[in-house]
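# A closer look at the structure
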Amino acid sequence: GALEVSFGRLGELCFCEREKDEDGLLPLHLACAKQAPPEVVSALLAAYPEGAREKDKNGRLPLHFACEKQAPPEVQLALLAACPEGARGKDEDAGA
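Notes on the structure follow. Each chain has its residues counted from 1, running along the sequence as written. Given that this is a predicted model, residues contribute local features only at a pLDDT of at least 70 and side-chain atom pairs are listed and counted only at 80 or more, while totals for whole chains, interfaces and linings are drawn from all residues. Heavy atoms throughout the structure, all of them, feed into the side-chain values; hydrogens and water do not.

## Considering the nonpolar core
Residues Leu28, Val41 and Leu79 are the most contacted members of the largest nonpolar core, which totals 19 residues. Helical segments are the DSSP runs of H or I of at least four residues, strand segments are the runs of E of at least two, and each set is numbered from the N terminus. For this core, the secondary structure elements donating two or more residues are helix H2 (27-33), helix H3 (38-47), helix H4 (62-68) and helix H5 (73-82). Other than its neighbours up to four places away in sequence, leucine 28 contacts Val41, Leu44, Leu45, Gly51, Ala52, Pro62 and Leu79. In this text, buried Ala, Val, Leu, Ile, Met, Phe, Trp, Tyr and Cys residues form a nonpolar core when linked through side-chain atoms within 4.5 Å. In this scheme, a residue with accessible area under 20% of its type's maximum is buried, one over 50% is exposed, and one in between is partly exposed, where area comes from a 1.4 Å probe on protein chains only. Here, two residues are considered to be in contact whenever any of their heavy atoms come within 4.5 Å of each other.

## Here's the deal with the side chain of histidine 29
Secondary-structure assignment places histidine 29 in helix H2. You can call histidine 29 buried: its relative accessible area is 0%. Within the structure, the side chain of histidine 29 is placed 3.2 Å from the backbone oxygen of arginine 60, a separation counted as a polar contact. If we skip the residues at most four places from it in the chain, histidine 29 touches Gly24, Glu54, Lys55, Asp56, Arg60, Leu61, Pro62 and Phe65. We call two N or O atoms a polar contact when they sit within 3.5 Å, provided that within protein one can donate a hydrogen and the other can accept it, with sequence-adjacent residues counted only if both atoms are side-chain atoms.

## A few points about the pattern of salt bridges
Put simply, a salt bridge is a Lys or Arg side-chain nitrogen that is within 4 Å of an Asp or Glu carboxyl oxygen. What the rule picks out here adds up to 3 salt bridges. Salt-bridge contacts for glutamate 54 lead to lysine 20; the nearest nitrogen and oxygen are separated by 3.0 Å. Within this pair, whereas glutamate 54 is found in the loop between H3 and H4, its partner lysine 20 is found in the loop between helix H1 (2-8) and H2, the two being separated by 34 residues in sequence. The partner of glutamate 68 in a salt bridge is arginine 60, with the nearest N and O atoms 3.1 Å apart. We classify glutamate 68 as partly exposed; its relative accessible area is 47%.

Here it is, written out as C-alpha cells:
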C-alpha cells in the first residue's frame, strides 16, 4: 500500500503521500496508526504538511491516531504544530 511505498522511498516521496485509501486515510494517518518511527512521520509531514489537517471518513486527524497509539512526544508535537486545531478533537469540530 501507500504506507509501504512511503517507508521504502523516504528520500523520493511522490504524490503517494497525498493519496487517500478507501477509508479516507493518507499515509500520514496510517503511519500514526501503525506507530511508524518518528523519522517516517517527519518525512511524510515534510512532503505534505497539509496532510496533518486532512480528516479521514470518520473525521479523525493523524494527530488523533498518534495520541490513541501513544506515539512519542516528538510525533505528537510535530502533528500539533502542523495542525493546532487538532487538539480540540473531532467531536468539537463536528459541533457535537
